[in-house]
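Residues per chain are reported as follows:
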Amino acid sequence: MAAKDYKSGVKPVWCPGCGDYGVLLSLTKTLAELQLSPEQVSVISGIGCSSRIPAYLKTFGFHGVHGRALPLATGLKVSRPDQTVIVASGDGDGFSIGGNHFLHACRRNVNLTYIVMDNQLYGMTKGQASPTSAPDWEKGKLTPGGTGINPFHPLVVGLASGANFIARVSGTDANGAVPILKQAIEHPGFSLVHILSPCITYNRDQLEWKKQVRQAPVEATSDPAQAARRLMTDDNLNLGVLYKGNRKPYQPDLKAQVDSLEVLEEQFAV
Ligand code: SF4
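Residues numbered from 1 in each chain as written. Predicted model: local features only at pLDDT ≥ 70, side-chain atom pairs only at ≥ 80, totals over all residues. Heavy atoms only, no water.

Tallying secondary structure elements over the protein gives nine helices and 10 strands in all. Over its C-alpha atoms the protein spans a radius of gyration of 19 Å, differing by no more than 12% from the 18 Å that the globule rule assigns to 270 residues. Projected onto the principal axes, the alpha-carbon positions of the protein cover approximately 60 × 45 × 40 Å. Of all 270 residues assigned to the protein, the portion counted as buried reaches 50%. Across the protein, every contact between residues at least 6 apart in sequence was considered, and the portion connecting residues at least 24 apart equals 70%. (Helix = DSSP H or I, 4+ residues; strand = E, 2+ residues; numbered from the N terminus. Rg over C-alpha atoms; globule rule 2.2 N^0.38 Å. Buried < 20%, exposed > 50% of the residue type's maximum accessible area, 1.4 Å probe, protein only. Contact = heavy atoms within 4.5 Å.)

Structural data, given as structure tokens:
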């Protein structure tokens, strides 16, 4: 299988130059590197520009509702552990309305790969501030003068909540993202990949990310305390694998005895 074999015939509706094109390319290249057949892979998303991605892939896919991609994906993975499940989200979808699910998905540590395309705004609804917007970003449609609120730090929160693998890649460097995405998919447990994916329509300044990002100066650590110290001072521009934990993934025993419907009815009778 080559990268092009993972693309569906649906033409993306993203704005020309959107960072999400690079993410789509890196994902198809990663699947080709892993030689996973399309029916072995499910891509689950919520709502937003980035969440359109399942439609552009020839894998199984589900375009869910706002903020709910992680519970959907969790249900799928625990009932079909044979599937490689990739969850796609954006900063608004994943860290605002889906914020609570994010915490508990990290805590549960089901074997999922969570890719979050962060452009620090809501693109689909025309450019409002999101949880990761800089406090002084003045162009937000509802926040002239900026939000004045410190941004959410997804990697710090992910680590504190139990994510087992944490990395950052650039959406504009598809080839650079492939080895990281590959490791994220192969690492057991909940893998969080933070993707800097510029929105060229509502914040053209993000085109500068391409020049500003750098490889993280240190190797990934498996020590959560060391990772916490590094992530707390992270300026959002270090790329690479930043933390590799070794927690056992959660996977219920599907063959375990389940009570019959009659027994359950008795237990819940009022
Ligand atoms: Fe991409 Fe922004 Fe256009 Fe959405 S609005 S498709 S995030 S460039």
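Its location among the elements puts Ser-50 in the loop between strand 1 (41-45) and strand 2 (60-63). For Ser-50, the side chain forms a polar contact with the main-chain oxygen of Ser-89, separated by 3.3 Å. If we skip the residues at most four places from it in the chain, Ser-50 touches Trp-14, Asp-20, Ser-89, Gly-90 and Met-117. (Polar contact = N/O pair within 3.5 Å; in protein donor to acceptor, adjacent residues only side chain to side chain.)

A few words on the site of the ligand. Around the ligand, a shell composed of Trp-14, Cys-15, Cys-18, Cys-49, Asn-119, Gly-123, Cys-199, Ile-200, Thr-201 and Tyr-202 is seen. Here the residues of the shell around the ligand sort into seven nonpolar, three polar and no charged. (Near = heavy atom within 4 Å. Nonpolar A, V, L, I, M, F, W, Y, C, P; charged D, E, K, R; others polar.)

Pairing in this open sheet of eight strands is mixed, and the strands run 2-1-3-4-8-7-10-9 from one edge to the other. In the strand order of this sheet, the two ends are held by strand 2 and strand 9 (214-215), each with one partner. (Pairing = 2+ DSSP bridges.)

What follows is about the packing of helix 5 (residues 154-161) against helix 8 (residues 224-232). Relative to each other, helix 5 and helix 8 sit at 165°, their axes nearing to 9 Å. What the angle tells us is that helix 5 and helix 8 run roughly antiparallel. In this structure, the crossing between helix 5 and helix 8 has a hand that is left-handed. Across the interface between the two elements, Leu-155, Val-156 and Leu-159 of helix 5 pack against Pro-224, Ala-227, Ala-228, Leu-231 and Met-232 of helix 8. Of the residues in the contact of helix 5 with helix 8, the class split is eight nonpolar, no polar and no charged. (Axes fitted to C-alpha atoms, helices over the stretch in contact; angles between N-to-C directions. Parallel < 35°, antiparallel > 145°, perpendicular 65-115°, else oblique. Left-handed = near helix turned anticlockwise from the far one by under 90°.)

What follows concerns the pattern of salt bridges. Counted by the stated rule, this structure contains six salt bridges. Measuring nitrogen to oxygen at the nearest pair gives 2.7 Å for the salt bridge that ties Arg-80 to Asp-82. Residue Arg-168 pairs with Asp-234 through a salt bridge whose shortest N-O separation is 2.7 Å. You can see Arg-168 sitting in strand 7 (residues 165-170) and its partner Asp-234 sitting in the loop between helix 8 and strand 10 (238-244), a full 66 residues away along the chain. Neither Arg-168 nor Asp-234 differs from the other in exposure class; each is buried. (Salt bridge = Lys/Arg side-chain N within 4 Å of Asp/Glu carboxyl O.)

Let us now look at the nonpolar core. In this structure, Leu-27, Ile-53, Ile-86, Ile-115, Met-117, Val-193 and Ile-195 are the most contacted members of the largest nonpolar core, which totals 30 residues. Secondary structure elements with two or more residues in this core: helix 1 (20-34), strand 1, strand 3 (84-90), strand 4 (113-118), strand 7, helix 6 (174-186) and strand 8 (191-196). When residues in this core are grouped by element, the largest group, six residues, is from helix 1. Leaving out residues up to four positions away in the same chain, Met-117 has contacts with Asp-20, Val-23, Ser-50, Ile-53, Ala-88, Ser-89, Gly-90, Asp-91, Ile-195 and Ser-197. Core analysis: the second largest hydrophobic core is formed by 26 residues, Val-110, Leu-112, Ala-216 and Ala-227 among them. (Core = buried A, V, L, I, M, F, W, Y, C linked by side-chain atoms within 4.5 Å.)

Another aspect to go through is the packing of aromatic side chains. If you walk through the whole model with that rule in mind, you get seven aromatic pairs. Summarising the aromatic geometry, the rings of Trp-14 and Tyr-21 are spaced 5.3 Å apart at their centres and angled 80° between planes, so their arrangement reads as edge-to-face. Here a set of aromatic residues connected by ring pairs shows up, and it is made of Phe-95, Phe-102, Tyr-114, Phe-152 and Phe-190. (Phe/Tyr/Trp six-rings, centres within 6.5 Å; stacked < 30°, edge-to-face > 60°.)

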